[in-house]
Amino acid sequence: MNAGTNPSAAPSGPQERLPTLNWRFEFGSYAKTRHFLDQMADLSKREDYYPNVSFSKTYVNISIDAEGQVALAERKSSFMGEMEALATADRA
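In the nomenclature of an unreviewed UniProt entry, the protein chain corresponds to 4a-hydroxytetrahydrobiopterin dehydratase from the organism Acidithiobacillus ferrivorans.

A. Focus on the overall build of the protein chain. Scanning the protein chain from terminus to terminus reveals three helices and three strands. Start at the N end of the protein chain and walk to the C end: the helices and strands fall as β-α-β-β-α-α. Counting only residues that meet the buried cut, the protein chain has 26% of its 92 residues in that class. For the protein chain, the share of sequence-separated contacts (at least 6 apart) that also reach a separation of at least 24 residues comes to 71%. With an accessible surface of roughly 6300 Å², the protein chain has 53% of that area assigned to carbon and sulfur atoms.

B. Highlighting the pattern of salt bridges. Taken as a whole and assessed by the stated rule, the structure comprises three salt bridges. A salt bridge links Arg 24 to Glu 26, with the nearest nitrogen and oxygen atoms 3.1 Å apart. Accessibility expressed as a relative area gives 47% for Glu 26, which makes it partly exposed. Notably, a salt bridge pairs Asp 38 with Arg 34, separated by 3.1 Å at the nearest N-O pair. Linking Asp 38 with Arg 34, this pair stays in helix 1 (residues 30-47), spanning four residues, or about one helical turn. Under the relative-accessibility criterion, Asp 38 is labelled partly exposed at 37%. For Arg 34, a relative accessible area of 32% corresponds to the partly exposed category.

C. Structural context of unusual backbone geometry. For Asp 48, which is not glycine, the phi torsion reads 55° and is therefore positive. Relative to the helices and strands, Asp 48 is located in the loop between helix 1 and strand 2 (52-55). Take Asp 48: its relative accessible area is 55%, and that puts it in the exposed class. For Lys 76, which is not a glycine, the phi torsion comes out positive at approximately 55°. You can see Lys 76 is positioned in the loop between helix 2 (66-74) and helix 3 (79-91).

Calculation rules
Residues numbered from 1 in each chain as written. Predicted model: local features only at pLDDT ≥ 70, side-chain atom pairs only at ≥ 80, totals over all residues. Heavy atoms only, no water. Helix = DSSP H or I, 4+ residues; strand = E, 2+ residues; numbered from the N terminus. Buried < 20%, exposed > 50% of the residue type's maximum accessible area, 1.4 Å probe, protein only. Contact = heavy atoms within 4.5 Å. Areas by Shrake-Rupley, 256 points an atom, 1.4 Å probe, with all protein chains shown as cover. Salt bridge = Lys/Arg side-chain N within 4 Å of Asp/Glu carboxyl O.

The structure is reproduced here in structure tokens:
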């Protein structure tokens, strides 16, 4: 059996990368960054979804992989929109 007829065979060509959504939110102070992170923690608990987060004093990077996007879509979640709204409010 070759890879074309055996569904469990490993593909021989390059693998397609899963799409990932990335955001970088910048803030004017550590206090605003911390406030956003605290609100994100509350949002994640409420939605039961925890994206990849990295941060520094005045910025936060958030990534949502393909599996996360599918999970949020299946739940008809507004997680991404709420996250962007929180960031906009904290940058003001």
